[in-house]
Structure formats: structure tokens, C-alpha cells
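# Observations on chain architecture
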Amino acid sequence: MSKILRDAERYEEIMGTTVPEEKRPGFHLTARIGWMNDPNGFSYYKDRFHLFFQYYPYSCTWGPMYWGHAVTDDLLHWQYRPVALAPDCNADRDGCFSGTAINLPDGRHMLMYTGVANEFLPSGKKREVQSQCIAFGDGESYKKYPANPVLTHENIPAIYSRYDFRDPKIWRAEDGSFRSLIAACTITEQDGHLLLFSSPDGIRWKFEKTLIRNNGRFGKMWECPDLFELDGTQVLLISPQDMIPLEEVYYNGNGTVCLLGDYDAEAQSFDEKSHQPVDQGIDFYAPQTVLSPDGRRIMIGWMQNWDTIHVQMPDLPWFGQMNLPRELSVANGKLIQKPVREITSLRRNPIIQKDILFKNTIELPGVRGRQIDLDLEIEPESPDQLFEEFTVFFAQNSSEKETRFSFVRFNPKKSRLTIDRTFSGSRRGFVHQRSARVNHDHGKIRLRLILDRFSAEIFVNGGEQVLSMTLFTEQDADRISFHCDSSVRLSVEKYDLLKTETI
Ligand code: FRU
């Protein structure tokens, strides 16, 4: 084991214990200590889920990347394992960037990731040269392949930049050989492409084909691809950088896009049929998926936004969290995302109230909290009298001086849902609000709100759409109230979400 890895292991072991439980989310994964970004190597190995992540233990800012490691049986109770990879060999001396994992037939766990080695231009400008590396392990510790890298820019057509060649998604083909899909960017147009590679053994790799080109549609470079079969169709997840907004569907900056289509393994082609955003909130990026033993496709993403990484809460010794894992399915040509069903095992103290008719503002006894699952069915008293706005205020306090609240607001006349954290306690001028067009039946809509101390995730109409955002609000701001400008019928199911060891 290198000194760099051993130092990090010792550091996280000591420092990780200094974080009190209430200073983390309850069931969303955060770094053991310091910085976390993308999920990596999401896999099911030796009877449990493994999740690695982009990690810099020594501060709450991005630094030379390590791979942190956590395991879980139920996707809610996470247990840290020792840091798995450190930037400690020539091919990755400036960072072990994102990648994926697979199980080998001989019982080993294999990681494929991007190694970064900086080079300096004559101007003095630093550029990250990116190549692909592998490592093997047993679920506990990992050894890098001594002859890394296994793929460099010399293996790809010269139109692609050596500074943007990263995030391998590895899988095994039907004949047992290996495939990898890797993000690349053309030098002249700065257009994101996904390149397909093959290998007989996971070690010797060969460029096959450019599988798909952005052609300037979704941002520029595409990061962190994932490709899998789901409900008879193929799903390609990509995370484009430098997006331009489009019709309340895609927003400025980094986004996530789901392409549905046909992947022809023989012809090595992807025939794209449709596209949709994965999360229309503020904080979501770089998701990965795993197939669970019971056949579910489960996705986890980084619940953050690259444009706001410098907005941090000074008293928290970690930065960045994963979103609540979601079960994916495809219905009527659309990706559907639901919170993993395991979440129901955390439900306590049910409050169920059906068909409450009200106008203006109500609060319901017991309906409050910052770690909750709140399922709402909302409909106008009569379908021909649509209200203007129905709002759920949450993470709300009672102080008149320092008002705190965030909200989700539904406007049926405009078919628009808005999330807002303007008054969440943030003192910086970044994006605090997002809106999305939503489906409803004459004003009838279902919203499910999951809060976990530092975040809110809103699932619309059983997972047709999801909007996620992080929150900055003091934990004692836990009131919830409902507001509507005209008469509305509301059904509420509310549960506290408590991990088993805290019960
Ligand atoms: C996406 C990303 C990846 C890269 C990693 C570096 O968020 O930029 O493309 O591998 O983060 O930390």
C-alpha cells in the first residue's frame, strides 16, 4: 500500500469519527470526511451494494481525486470502508477520476477509472491528460494494475482531445468479453461523443467505434455515461456540461439527460428515439446505476450542482451528498423514477388524513419534521374551478425576524411546478428556484416530498418527474404548512424517516 493511500486511510478513520450523527443526513450518503462528488463503481458484489465516490478527504473543496468507499444492504444504511484508490501512481498521480465496477468470473471485483496526470502548456496553463486505468480487489482493498494505463489518447482517433477522455462505463458482453463506453470531446467543435471499446480480458482494450455524437444538442462535453437495458428498451444516461436552457426542460450549466433508444451490440450502434431530463431540480449530476439481485435497476446521483460548490455550510466537515437511490422503469416511452422501496422500512409515526377540504392556509397536527416522507394528493374541490397556486411550505421556522422556508408550488393553469429555497438560509445569490412543466388531471396531481435534514427531493405523479435540491436551513425549522388560494381537496400521508439504529 502506498504512503499516500495509507495516510488517507488513517486520516479518514480518525477524522470520520469527529462528525456527530446529527451533522449528516440520516440516510443519504456523505463523504466520511471532506469532499465528495460523483458516484463511482456502483455495483452488487459479495452480497451487498458497493458505492465508491470521487473523494478528497483533506478539505471540503475538490482536490486530487481519491475513491472513497461505502457499502450497504438496503441503500439507506451506509457503512464506510477504507478509501479504495489514491492518486499514487504515474498514470493517476493527479487524480483517480470517475469510473465503474464489475464482478469478474474468478470472484474478483474490478474497477475501471480515469487516471489524470497534469501537463503544463508553454503558457504555464495546467491541463489534465486523461487515460483509463484498472484495479482489482476483494470488496475491501484494491490493487492497481501495474501496467496502467490500459487506454490512452493514442488509442483513439486524433480528432479527440486528450484532456477530455474519461469516465469509463464497463460491462461484459454476452460472450463474456468486455466492453467500455468512454466520454470524449472533439478538439475543434468541442462536441461530446461516446466511444465504444472492446477487450477479451478487461486489460487489453481496442477502440471500436464512436457510438453516439452530441452534435451540439445537449451542452458540450458529455460526462459519466451509463448504458443498460430496461423494460425492453435501452437507456443511455449522460451528464452534459455547459448546457443552454430549453423550454423549462433543460437548464444552464451541468445537467443530466436520459436517451431512450435501441443499442445494437452487433452493429455497435445506438439508435436514439427520445430524450428527457433526469432531474429538473437544482442539485443532481453524474448518476450511475446497478442491477439489484431482485432485478431492479437502481440509480444514484450526486445531489449537487458544480456551479454552487463554493456555497458551503461552515460548520459541516463534509461537502456533497448522494441523492436517495431511485428505482427506474420505462413506461409509455418515459423514464420513471421512484424512491427505492426500502425507504418504507424507515417509516415511523404515520399520519394519514384523507380528503381535507380547505382554502387559504392550514397546518396539520404532527405534520412537520426534517426527515420525513410526505405523500400528497391534491385536487381542486371542483374540476372546473382550478386554483391558481397550491403551495407546500417546509423547513419553515416560527421566527418573524429570520424567516426560513422553502416550498414546492403547483400552478395548474400553467401546468407548472416550482421549487424554491430563496428563504432557506442561504446568503448567496445563486440559483434558488426551478420550474418544470408537469402533467395533471384537471388540477389533480400527486407529489411526494422526501426530506433528510439537508435536502428535499420531490417525486411528481409516481415518479414521472423528480426535482431535487439541497437546503441550508437550521434543523429546528421543521414546520410544514399548506396554502391554496381557492378551495382544494388534500390527502396526506406523512411518516418520519428514522434509521433503525436511531429508533
Ligand atoms: C463529473 C466529473 C467527471 C470526472 C470527475 C472528476 O462530475 O467532472 O467527468 O471524472 O467529475 O472529479
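Here's what I pulled together on the structure shown here. (Residues numbered from 1 in each chain as written. Predicted model: local features only at pLDDT ≥ 70, side-chain atom pairs only at ≥ 80, totals over all residues. Heavy atoms only, no water.)

## Considering the environment of Lys220
- By the element assignment, Lys220 lies in the loop between strand E12 (206-213) and strand E13 (222-230).
- Classification of Lys220 as partly exposed rests on a relative accessible area of 38%.
- Sequence separation between Lys220 and Gln190 is 30 residues; the distance between their C-alpha atoms is 6.0 Å.
- The residues touching Lys220, leaving out its near neighbours within four places in the chain, are Gln190, Asp191, Gly192, Asn214, Gln241 and Asp242. (Helix = DSSP H or I, 4+ residues; strand = E, 2+ residues; numbered from the N terminus. Buried < 20%, exposed > 50% of the residue type's maximum accessible area, 1.4 Å probe, protein only. Contact = heavy atoms within 4.5 Å.)

## Regarding the site of the ligand
- In the vicinity of the ligand, the contacting residues are Asn37, Asp38, Gln54, Trp62, Met65, Phe97, Ser98, Arg166, Asp167, Glu223, Tyr285 and Trp306.
- Here Trp62 contributes a side-chain N or O atom positioned 3.0 Å from an oxygen atom of the ligand.
- Take Arg166: an N or O atom from its side chain is 2.9 Å from an oxygen atom of the ligand.
- Counting residues per element, the ones that place at least two in the shell around the ligand are strand E1 (34-45), strand E5 (96-103) and strand E9 (160-172).
- For the shell around the ligand, the per-class residue count stands at five nonpolar, three polar and four charged. (Near = heavy atom within 4 Å. Polar contact = N/O pair within 3.5 Å; in protein donor to acceptor, adjacent residues only side chain to side chain. Nonpolar A, V, L, I, M, F, W, Y, C, P; charged D, E, K, R; others polar.)

## Quick word on the packing of aromatic side chains
- Applying the stated rule across the entire model yields 29 aromatic pairs.
- Ring plane angle 25° and centroid distance 5.3 Å describe the contact between Trp35 and Phe319, whose orientation is recorded as stacked. With Trp35 in strand E1 and Phe319 in strand E19 (residues 318-319), this pair connects stretches of sequence that are 284 residues apart.
- Judged by relative accessible area, which is 6%, Phe319 ranks as buried.
- Ring plane angle 55° and centroid distance 6.3 Å describe the contact between Phe387 and Phe390, whose orientation is recorded as tilted. As far as the burial class goes, Phe387 and Phe390 line up, both buried. (Phe/Tyr/Trp six-rings, centres within 6.5 Å; stacked < 30°, edge-to-face > 60°.)

## Topic: the sheet that holds strand E7 (residues 126-137)
- Pairing in this open sheet of four strands is antiparallel, and the strands run E5-E6-E7-E8 from one edge to the other. Among the strands making up the open sheet, the edge pair consists of E5 and strand E8 (142-144). Taking each pair of neighbouring strands and ignoring which way they run, the sheet shows an average axis angle of 30°.
- Where strand E6 (residues 109-120) and E7 come together, 12 bridges link them in antiparallel fashion. Paired with Gly115 across the strands is Ser131, a residue of E7. (Pairing = 2+ DSSP bridges. Axes fitted to C-alpha atoms, helices over the stretch in contact; angles between N-to-C directions.)

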